[in-house]
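Single-letter residue listing:
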Amino acid sequence: MTDAPIRYRPDVEEVKPDEAETIAGLNQTFDVILERTAEDYGHAVRSVHAKAHALLEGEMTIDADLPPEVAQGLFATPGRHKLLMRISTNAGDILPDAISLPRGLAIKVFDVAGERLPGAEGETQDFVLNNGKVFQAKDAAAFLSNLKLLAKTTDRLEGTKTVLSTVLRGVHNALDAVGAQIPAVDTLGGAPNVDPLGETYYSVTPYRWGDYIAKFRIVPVAPALTALTGRIIDANGREDAIRSEVREEMARIDAEWEFQVQLCRDLDRQPVEDPTVEWQEEEAPFQRVATIRAAAQDSYSDAHVQQINEQSRFSIWTGLAAHQPLGNVNRARNATYRHSADFRARVNGCPYHEAMRAAE
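Definitions and cut-offs
Residues numbered from 1 in each chain as written. Predicted model: local features only at pLDDT ≥ 70, side-chain atom pairs only at ≥ 80, totals over all residues. Heavy atoms only, no water. Buried < 20%, exposed > 50% of the residue type's maximum accessible area, 1.4 Å probe, protein only. Helix = DSSP H or I, 4+ residues; strand = E, 2+ residues; numbered from the N terminus. Arc of directions from axis to C-beta. Pairing = 2+ DSSP bridges. Polar contact = N/O pair within 3.5 Å; in protein donor to acceptor, adjacent residues only side chain to side chain.

J.: Hey, could you run me through helix H7 (residues 302-310) in this one?
T.: Working note: α-helix, 3.6 residues per turn, so residues spaced by three or four point in the same direction. Along H7, the residues that are buried comprise His304, Val305, Ile308 and Asn309. Along H7, the residues classed as buried sweep out an arc of 105° about the axis, all on the same side. The outward face of H7, more than 90 degrees from its buried face, is lined by the exposed residues Asp302 and Ala303.

Structure follows, in structure tokens:
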């Protein structure tokens, strides 16, 4: 590690002239998914990551004596913060678990003081991550093209999707055998049907890290979690197999993860505007800044379903200015996250709210 971390400055971002048009297209396409699923299920669900597998309460402990370049924003002050976690898969449908998709992890950290991002209510910091290292589209326009394809499959033809998922898993395994990966294969249903508790979750896109620029990840470290890494869940004939198995596991596991940050050290090698490029660890190492713990608990209790799944929204634009999302894809996620949450609130008659603190 020889290069000093790159300092944040506004011109690291390159705003495209057609971003407003692309965002409008994203909202229109999300509406197709939202309206179709609301009609199917009798209530509105999220336009992406609709199906939750685990809903957890936990605590983040920020490390003391961190190096100045990572002691930034939320992580500038050692201490403990209560948090909520939601583990999901990425489709806008609530599908049988035999249709295997990438996993997502959303975190809401409480009692976070400091200058807020525009429109970020409350005193929370949200982090939204996936178990893939890169985003599947180079920019929001490419993501819109992919989303339009997914919107066409958003229906109740679950048998067809199950068959497709089986085929795509075979494609994934064949690619993996030769050391190749195509993220779109996993996004469309070819992801291995892994236990989400054993997965590492990545921010995928870059963020401001106070004075610097970074990506971050959540890594399982408790032996009971690392024992689940790569474990395949057999979901044949079991619509909610993942939720059921995670519920059994979390009833006896005291889970622990590390929160690790990866500082940008070369804007050419670790670009801000292209999230399909993996930031190589040997060039931009990860550093631990905090630990997340979730004691053994009921991971799908009625109370958690109401508090976390129904009443909460998770957005990368909810939090501190020091952790501002960066890049075209992240800028597009601002209005579209809000659009989706507003739709759910309106249709369900259940307004979301940014809680000021965790439930006691």
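Anyway, onward from the coordinates.
J.: Would you mind going over the pairing of strand E4 (residues 125-130) with me for this structure?
T.: Strand residues, when the strand is regular, have side chains that alternate between the two faces of the sheet. The buried count for E4 comes to 6 of 6 residues, which makes it a mostly enclosed element. Residues of E4 alternate between two faces, with Gln125, Phe127 and Leu129 on one and Asp126, Val128 and Asn130 on the opposite face, all of them buried. Sheet analysis places strand E3 (residues 103-109) next to E4, joined by 6 bridges and oriented antiparallel. Bridging from a neighbouring strand, Val109 pairs with Gln125 of E4.

J.: Please explain unusual backbone geometry as it appears in this structure.
T.: Most of the time, phi is negative for any residue but glycine, and the peptide bond is trans. Within the chain, Asp65 stands out as a residue other than glycine whose phi angle is a positive 60°. You can see Asp65 is positioned in the loop between strand E1 (52-62) and strand E2 (79-89). We classify Asp65 as exposed; its relative accessible area is 78%. Positioned with a positive phi, Asp111 is a non-glycine residue whose angle comes to about 60°. Among the secondary structure elements, Asp111 is positioned in the loop between E3 and E4. In this structure Asp111 comes out as partly exposed when scored by relative accessible area, which is 34%.

J.: So what exactly am I meant to see when it comes to the environment of Arg265 here?
T.: Residue placement: Arg265 occurs in the loop between strand E8 (255-263) and strand E9 (286-294). Judged by its relative accessible area of 6%, Arg265 falls in the buried class. With 20 residues separating them in the primary sequence, Arg265 and Pro285 have C-alpha atoms 9.6 Å apart. A polar contact of 2.7 Å, which involves the side chain of Arg265, links it to the backbone oxygen of Asp3.

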